Amino acid sequence: MSSSLHILVTGGAGFIGSFIVDALVEKGHRVRVFDCLDPQVHGERDGKAPEYLSRDAEFVLGDVRDVEALDKAMDGIDVVFHEAAAVGVAQSMYAIRAYTEANTMGTANLLELIVNKHRDHVRRMIVASSMSIYGEGRYVDPATNQFVVPAQRTTRQLDSGDWEPRIQGTDRPAQPAPCDEMKPLEPTSIYAINKRDQEEMFLSVGRAYGIPAVALRYFNVYGSRQALSNPYTGVGAIFSSCYLNGRAPRVFEDGLQTRDFIHVTDIARANVLALERSEADYEAINVGTGRPTSVLGLAKMLLAKLHPDRVEDPELQPKIVGRFRAGDIRHCYGDISKARRLMGFEPAVRLEDGIAELIEWVRKQEAKDLSDQALKELSQRRLV
Ligand SMILES: NC(=O)c1ccc[n+]([C@@H]2O[C@H](COP(=O)([O-])OP(=O)(O)OC[C@H]3O[C@@H](n4cnc5c(N)ncnc54)[C@H](O)[C@@H]3O)[C@@H](O)[C@H]2O)c1
């Protein structure tokens with residue numbers, strides 16, 4: 001690839017997109033951002049890009065559902081990073097049509113324009129996929145050390161506070177293992193189904209037309225710029241905004257469910273590698289740290305950083321509510337050997353350091369805690 005490219009980042013005004021923009025600008029590329037500034041993410045901004053967006057990038061206000069606007073934004077573009085999406089897993093379970101229109105149909109619009117109108121100049125395309133497409137992560141049977149597909153957790157099991165997935169036909173809990181890209185996909189939400197669609201659409205269109213395509217399966221991304229006001233996004237941002245409002249965050253199940261938390265600057269670096277390394281062509285690749293952290297553990301780390309003098313304060317102890325959300329999985333963390341092998345990717349930010357960066361930013365924000373409202377909406381729909 002030539003040294004300076006003209007690159008479109010859809011969703012480039014968002015949390016992850018804006019860091020990808022920074023990383024691309026730093027590499028000397030010309031970057032155009034295409035983003036509708038979704039009010040749930042950005043608040044009411046009157047079409048003005050967020051302050052954190054690089055001044056070296058061109059900002060175009062537009063919606064991926066608007067084919068004409070997208071067509072104009074594709075003018076002269078060499079490479080597309082597709083980050084635009086509606087991102088709330090729980091919300092996607094009742095705003096089914098809106099999610100599918102923005103995510104799946106938005107991707108259809110983009111790909112159709114690329115192959116029918118911009119084929120002569122588009123040389124590479126990279127899509128934000130997600131660990132959510134796996135459903136439950138990988139598990140092994142501790143007795144045999146073989147991979148197993150545990151039994152789906154039933155409502156009855158969860159109602160009794162029995163959280164761990166069991167080995168089929170037994171009472172034995174399955175043991176979580178790093179989840180590699182060969183794990184069969186079992187998306188458990190409309191959002192995850194949309195992300196699987198986006199990934200498969202990019203890879204299949206890319207292969208058919210010989211346009212190198214890469215799908216990066218991000219694990220749980222955290223860091224500055226994540227919307228604190230959006231009650232449907234990252235757990236790090238949600239917990240932080242609770243603590244900032246002097247309240248204890250609510251933790252579903254028993255809090256010991258695990259995720260793979262990766263700092264947003266590592267995600268941005270993986271995207272640059274996906275641009276530069278042809279070994280990644282036509283591949284779906286995990287981007288995580290390879291390390292599991294419990295949700296409760298994360299809440300406690302955030303409390304210690306935000307209110308070091310109140311770590312024992314009963315008012316701020318994470319509330320283990322014992323409730324569960326439809327479609328939630330128990331454990332999923334990444335096997336990142338493919339990213340290492342194909343792209344030379346290595347996560348660089350330790351969770352402690354990444355959290356310090358998140359906190360520094362959170363302190364400067366005015367965080368409205370809307371998690372009660374979000375929980376009410378889910379409860380009304382019996383999704384909790
Ligand atoms: N945050 C995570 O943990 C995570 C994990 C896996 C995958 N992802 C994916 O990464 C991408 C970025 O997510 P994020 O966490 O930065 O979320 P975000 O909400 O901060 O960013 C998404 C951006 O897309 C824009 N957008 C939404 N709908 C649009 C539309 N119809 N047209 C144009 N722009 C639109 C929003 O205004 C926002 O700026 C998404 O594709 C998401 O599915 C995120």
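Residues numbered from 1 in each chain as written. Predicted model: local features only at pLDDT ≥ 70, side-chain atom pairs only at ≥ 80, totals over all residues. Heavy atoms only, no water.

A count of helical and extended segments in the chain gives twelve helices and 17 strands. Counting only C-alpha atoms, the chain reaches 60 × 50 × 40 Å along its principal axes. For the chain, with 384 residues in total, the buried portion stands at 57%. In the chain, 84% of the contacts between residues at least 6 apart in sequence involve partners at least 24 apart. About 16,700 Å² of surface is accessible on the chain, with carbon and sulfur atoms providing 49% of the total. The average position of the 47 basic charges and that of the 54 acidic charges among the side chains of the chain differ by 2 Å. (Helix = DSSP H or I, 4+ residues; strand = E, 2+ residues; numbered from the N terminus. Buried < 20%, exposed > 50% of the residue type's maximum accessible area, 1.4 Å probe, protein only. Contact = heavy atoms within 4.5 Å. Areas by Shrake-Rupley, 256 points an atom, 1.4 Å probe, with all protein chains shown as cover. Lys, Arg positive; Asp, Glu negative; His and termini not counted. Charge placed at Lys NZ, Arg CZ, Asp CG, Glu CD.)

Right, let's get into the nonpolar core. Among the nonpolar cores identified, the biggest contains 47 residues, and Leu24, Phe81, Leu216 and Met343 are the most heavily contacted of them. Residue contacts for Phe81: discarding those within four places in its chain leaves Ile7, Leu8, Val9, Thr10, Ile20, Leu24, Ile126, Asn271 and Leu275. Core analysis: the second largest hydrophobic core is formed by 25 residues, Val64, Met74, Phe202 and Ala284 among them. (Core = buried A, V, L, I, M, F, W, Y, C linked by side-chain atoms within 4.5 Å.)

This paragraph deals with the environment of Leu53. Along the polypeptide, Leu53 turns up in the loop between α2 (39–42) and β3 (58–61). A C-alpha to C-alpha distance of 8.5 Å links Leu53 and Phe19, two positions 34 residues apart in sequence. Setting aside its immediate chain neighbours within four residues, Leu53 contacts Gly12, Ala13, Ser18, Val33 and Phe59.

A separate point is the side chain of His118. The topology assignment puts His118 in the loop between α4 (96–117) and β5 (124–130). When its relative accessible area of 6% is taken as the criterion, His118 is described as buried. Beyond its immediate chain neighbours, meaning those up to four positions away, His118 contacts Asp71, Met74, Asp75 and Leu113.

The quantities given are spatial measurements derived from coordinates; they are silent on function.
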